[in-house]
Amino acid sequence: MRNVWAVCKREFASYFVTPIGYVVIGVFAAILGLGFSASFLFYAKISVNPSEYAYASVPDFEETLLSPFLVFAGLLIMFIGPLVTMRLLSEEKNRGTMELLLTHPLRDREIIFGKYLAALGMLVVMMAVLTVHLLIIGYYVDVETTVLGFGLLTVFLMGAAFLALGLFVSSIANTQVTAGTMTFGLWFVLYILGSFGENLPKTNPAPESWGQGLRLAVGAAYGIFSKLVQQLPLDVHAREMAKGIVAPKDIVYYVLFAAFFLFLTFRSLESRKWRA
Amino acid sequence: MIVANGLTKYYGQFAAIEQVDFSVEKGEIIGFLGPNGAGKTTTMRVLTGFTPPSRGTAEIAGYDITKDPVEVKRRVGYLPESVPLYDEMLVCSFLSYVAEVKGVASGQRRLEVERVMERCGLSHMSHRVLRNLSKGYRQRVGLAQALIGNPPVLILDEPTVGLDPQQIIEIRQMIKELGADHTVLLSTHILPEVTMVCQRVLIINKGRIVAQDTMQNLAGANSVIELEVSGETSAAAAALEKVGELVSFSSEGATRFTAVAKEGCEPGPAVTKALIEAGVGVVSLRRRTQTLEDIFLRSISGDEAANAGGAK
């Protein structure tokens with residue numbers, strides 16, 4: 001545990017010795033602030049004159065502003081996430097410091113958890129920026145505190161899950177650039193998958209003319225495929241949660257997502273033992 | 001303290017080291033010699049747990065390197081060849097991180113860092129950024145991080161590379177002092193360094209150990225004759241071939257020969273006689289004890305020649 005903390009401290013400090021920590025937090029704060037102002041102003045305009053925007057009455061605050069804003073924050077964190085995770089393990093390999101890391105009395109899990117915690121530390125700093133916005137909302141709008149709390153939790157879970165994926169990519173890449181690019185690419189795939197999933201036809205795509213058995217098989221395969229496309233993207237589960245509707249399956253989804261990629265990272269680090 | 005047992009490491013099809021066996025006693029300073037690419041660094045990486053062996057095992061301080069890697073790493077201070085450091089850190093914060101990872105209690109951490117900085121002549125550099133250090137100072141920081149926690153075994157991959165002559169002398173002196181209560185395995189290209197510092201040498205070539213013995217045994221056993229002749233070189237070579245007291249000989253240029261005698265033999269008279277009988281003039285003949293250089297060159301280039309000579 002002490003070793004996890006030692007690795008984490010060194011890693012977290014190095015974000016702020018190099019410009020990367022400031023860049024990440026700065027860019028996040030700037031874009032989040034812009035997004036917040038724009039959506040708040042837009043919501044205010046709608047509220048003043050709902051009929052102009054095809055709303056019967058003043059739209060629900062949670063649904064129209066809060067939830068999309070939180071999902072936006074989560075997606076933004078994931079967008080910047082590659083900058084946080086890309087250096088974690090690939091940089092050690094590139095600089096050769098892996099030789100120090102692996103010859104010091106550290107267990108693999110201490111290295112991985114230490115690095116993951118450091119990335120979560122960056123996430124917490126970003127959450128602090130987000131909390132400022134939520135405090136402003138809490139001050140001016142009549143929203144339950146628990147809804148805001150769950151909102152924060154949602155964004156944290158989204159970020160934590162994605163950072164685990166980034167850590168894994170960093171463990172298989174040899175340079176920061178490849179790790180960053182690959183992680184960003186995966187973010188993009190997950191994001192596109194999200195909007196793709198909404199537009200998938202609900203019915204069996206196999207034509208009527210095909211045999212009964214084949215139609216069933218294609219239908220089953222398509223069912224699994226469309227379920228995956230609809231459920232896998234990280235922002236899908238957040239949309240419900242951000243409205244304050246908390247279902248255990250959504251939380252479990254994020255925890256499992258993170259655990260899965262931490263496990264893969266562990267395997268990837270371990271692979272040095274059987275690879276040439 | 002260190003026992004290697006049939007260590008073998010393949011990189012794909014290529015065997016970087018093969019069947020490496022040796023042992024190092026407690027308190028010994030052992031020199032690890034070999035040409036580039038012979039497998040020195042690979043052996044050290046296997047011992048320190050950076051790369052696992054393909055076959056074979058090794059024990060350090062009684063712990064198996066594959067079964068108890070963390071226990072082994074607690075007892076080994078390792079200076080990698082390229083001296084990788086976290087470039088953005090300060091000297092003192094880097095060393096303090098290493099102390100923490102190596103399990104130095106938080107109360108003693110600062111003292112321990114000061115101790116190794118003092119030991120390696122880094123005290124005045126403690127607030128420098130590692131990136132800005134010269135090669136020599138990087139080397140010292142690498143050595144300092146190996147010494148943190150006072151591990152009983154030190155594995156140093158070319159510790160004096162990149163240092164100035166003054167520093168080299170200091171570091172050698174330091175390694176000698178460390179030898180009193182540490183077991184040190186160091187690799188180097190500088191042969192006199194081994195003579196000065198080490199009690200025993202291991203010579204490795206093409207992944208195999210080709211010689212290992214104490215300095216005295218290696219140097220004292222055989223005497224060496226340096227010859228200069230006039231006349232037919234091939235006749236001289238043929239004559240030397242027939243001298244029973246010689247283990248091997250090599251020619252340098254057209255008229256110079258260096259011959260190694262069998263253990264305990266005094267080959268001077270026999271060599272002179274053989275040469276004169278063959279009609280070769282002896283210009284000069286000098287006898288000296290074998291240096292590490294002779295042994296090294298003989299072990300890595302002429303193990304075939306040595307074998308042929310030994311069969312005589």
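Computed from a predicted model, the values in this text were never measured in an experiment.

**Q** Please explain the overall build of chain B as it appears in this structure.
**A** When you go through chain B residue by residue, the secondary structure sums to 12 helices and 14 strands. Long-range contacts, defined as pairs at least 24 residues apart, comprise 69% of the intrachain contacts of chain B with a sequence gap of at least 6.

**Q** Even after reading the chapter, I still don't get the overall build of chain A, so can you show me in this structure?
**A** When helices and strands are counted, chain A shows 11 helices and zero strands. Along the chain direction, N to C, the helices and strands of chain A fall in the order α-α-α-α-α-α-α-α-α-α-α. Viewed in the frame of its principal axes, chain A has a C-alpha envelope of about 65 × 60 × 30 Å. Relative to its full complement of 276 residues, chain A shows a buried share of 37%. Sequence separation of at least 24 residues holds for 81% of the intrachain contacts in chain A that already meet a minimum separation of 6.

**Q** In this structure, what is going on with the sheet that holds strand 3 (residues 29–33) of chain B? I would like to understand it.
**A** Pairing between sheet strands relies on hydrogen bonds along the backbone, with the strands arranged either parallel or antiparallel. Residues and elements named next belong to chain B. Strand order across the open sheet formed by six strands is 6-7-8-3-9-10, with mixed pairing between neighbours. Sheet topology places strand 6 (76–79) and strand 10 (208–214) at the edges, where each strand pairs with a single neighbour. Averaged over all adjacent pairs, the angle separating strand axes in this sheet is 15 degrees, with direction ignored. Here helix 1 (residues 40–47) sits on the sheet and contacts strand 3, strand 7 (153–157), strand 8 (183–187) and strand 9 (200–205); the angle it forms with strand 7, its principal contact strand, is near 150 degrees.

**Q** Any chance you could explain the environment of B:E112 here in plain terms?
**A** Following the sequence through the fold, B:E112 ends up in helix 4 (residues 109–119). Distance in space between the C-alpha atoms of B:E112 and B:G149 is 7.3 Å, their sequence separation being 37 residues.

**Q** Sorry, what's going on with the pairing of strand 13 (residues 256–261) of chain B here?
**A** Consecutive side chains along a regular strand alternate between the two faces of the sheet. All names here are of chain B. Bridge count for strand 11 (residues 223–230) against strand 13 is five bridges, and the pairing is antiparallel. Paired with L227 across the bridge in strand 13 is F257. Looking at chain direction, strand 12 (residues 246–252) and strand 13 are connected through six bridges and run antiparallel. The residue of strand 13 that forms the bridge with F249 is A259. Count of turn residues in the strand 12/strand 13 antiparallel hairpin: three residues, of which G253 carries a positive phi of about 70 degrees.

**Q** Which parts of the structure should I look at to understand the sheet that holds strand 4 (residues 55–60) of chain B?
**A** Residue and element names in this part refer to chain B. Across the sheet, which stays open at both edges, the four strands sit in the order 2-1-4-5 with antiparallel pairing between neighbours. Either end of the sheet is taken by a strand with one partner, and the two such strands are strand 2 (14–24) and strand 5 (63–64). As defined by bridge partners, strand 1 (residues 2–11) adjoins strand 2 across seven bridges and the pair is classed as antiparallel. The residue bridging L7 from the neighbouring strand is V20, located in strand 2. Sheet strands touched by helix 1: strand 1, strand 2 and strand 4. Its angle to strand 1, the strand with the most contacts, is close to 115 degrees.

**Q** Help me understand the nonpolar core, please; the structure alone is not making it clear to me.
**A** Soluble globular proteins: nonpolar side chains tend toward being buried together. By size, the foremost hydrophobic cluster in this structure holds 137 residues, and its most contacted members are A:A119, A:M158, B:L95 and B:A144. Here the element with the most residues in this core is helix 7 (residues 145–172) of chain A; it accounts for 13 residues. In this view, A:A119 contacts A:V84, A:T85, A:L88, A:L163 and A:L167; residues no more than four positions away in its chain are not counted. Ranked by size, the runner-up nonpolar core spans 19 residues in total, among them B:L227, B:A259, B:L275 and B:V280.

**Q** Mind showing me how you'd approach the interface of chain A and chain B here?
**A** Accessible area lost upon the coming together of the parts serves often as the stated size of an interface. Chain A puts 19 residues into the contact, and the matching count from chain B is 23 residues. Residue assignment for the side of chain A that touches chain B shows that the elements contributing at least two residues are helix 1 (2–17) and helix 5 (98–103) of chain A. The element best represented in the side of chain A that touches chain B is helix 1 of chain A, accounting for five residues.

**Q** I tried to follow the pairing of strand 8 of chain B on my own but got confused; where do I start?
**A** Residues and elements named next belong to chain B. For strand 8, the tally of buried residues reaches five of five residues, placing the bulk of the element in the interior. Because side chains alternate across strand 8, one face comprises the buried residues T183, L185 and S187, and the other comprises V184 and L186, equally buried. Bridge count between strand 3 and strand 8: four bridges; the pairing is parallel. Considered in strand 8, the bridge of I29 is made with V184. Here strand 7 pairs with strand 8 via five bridges, running parallel. Pairing of I155 across the sheet is with L185, part of strand 8. For the crossover that starts at strand 7, traverses helix 6 (residues 165–178) and ends in the parallel strand 8, the hand is right-handed.

**Q** Can you walk me through the confidence of the model for chain B in this structure?
**A** Atom-level detail of predicted coordinates should not be read off regions where pLDDT is low. All names here are of chain B. Per-residue pLDDT for chain B has a mean of 84; in total, 95% of the residues score no lower than 70. Across chain B, the element-wise mean pLDDT spans from 41 in helix 12 (residues 303–311) up to 94 in helix 3 (residues 91–101). Long-range and interchain partners of residues 304–312, a stretch whose pLDDT sits below 50, account for nine contacts in this model, where long-range means more than four residues apart. Predicted complex metrics record ipTM = 0.84 and pTM = 0.85.

**Q** Please clarify how helix 10 (residues 234–242) of chain A should be interpreted in this entry.
**A** One turn of an α-helix holds 3.6 residues; hence residues three or four places apart share an orientation. All names here are of chain A. Along helix 10, the residues classified as buried are L234, H237, A238, M241 and A242. Projected down its long axis, helix 10 shows its buried positions confined to an angular sector of 130 degrees, all on one face. Tucked into the core, helix 10 has its buried residues touching helix 3 (61–85), helix 7, helix 8 (176–199) and helix 11 (248–270). Directly after helix 10, the chain includes G244, whose backbone phi takes a positive value near 95 degrees.

**Q** For this particular structure, what's the right way to read the environment of B:R286?
**A** Relative to the helices and strands, B:R286 is located in strand 14 (residues 281–289). Considering only alpha carbons, one finds B:R286 and B:E226, 60 residues apart in sequence, at a separation of 5.1 Å.

**Q** Would you take a moment to explain the packing of helix 2 (residues 20–48) of chain A against helix 3 of chain A for this structure?
**A** The relative placement of two packed helices comes down to the angle between their axes together with the axis-to-axis distance. Residues and elements named next belong to chain A. Relative to each other, helix 2 and helix 3 sit at 160 degrees, their axes nearing to 10 Å. Here helix 3 runs roughly antiparallel to helix 2, going by the angle between their axes. For the pair helix 2 and helix 3, the crossing hand works out as right-handed. Mapping the contact onto sequence places I20, V24, V27, F28, I31, L32, G35, F36, S39, F40 and Y43 in helix 2 and T64, L65, P68, F69, F72, A73, L76, I80, L83 and V84 in helix 3. Its residues placed into classes, the contact of helix 2 with helix 3 shows 18 nonpolar, three polar and no charged.

The rules behind the values
- Residues numbered from 1 in each chain as written.
- Chains lettered and ligands numbered in written order.
- Predicted model: local features only at pLDDT ≥ 70, side-chain atom pairs only at ≥ 80, totals over all residues.
- Helix = DSSP H or I, 4+ residues; strand = E, 2+ residues; numbered from the N terminus.
- Contact = placed C-beta atoms within 7 Å.
- Buried ≥ 20, exposed ≤ 12 C-beta atoms within 10 Å, placed from the backbone.
- Pairing = 2+ DSSP bridges.
- Axes fitted to C-alpha atoms, helices over the stretch in contact; angles between N-to-C directions.
- Core = buried A, V, L, I, M, F, W, Y, C linked by C-beta atoms within 7 Å.
- Right-handed = clockwise from strand over helix to strand, strands pointing away.
- pLDDT = per-residue confidence, 0-100.
- Arc of directions from axis to C-beta.
- Parallel < 35°, antiparallel > 145°, perpendicular 65-115°, else oblique.
- Left-handed = near helix turned anticlockwise from the far one by under 90°.
- Nonpolar A, V, L, I, M, F, W, Y, C, P; charged D, E, K, R; others polar.

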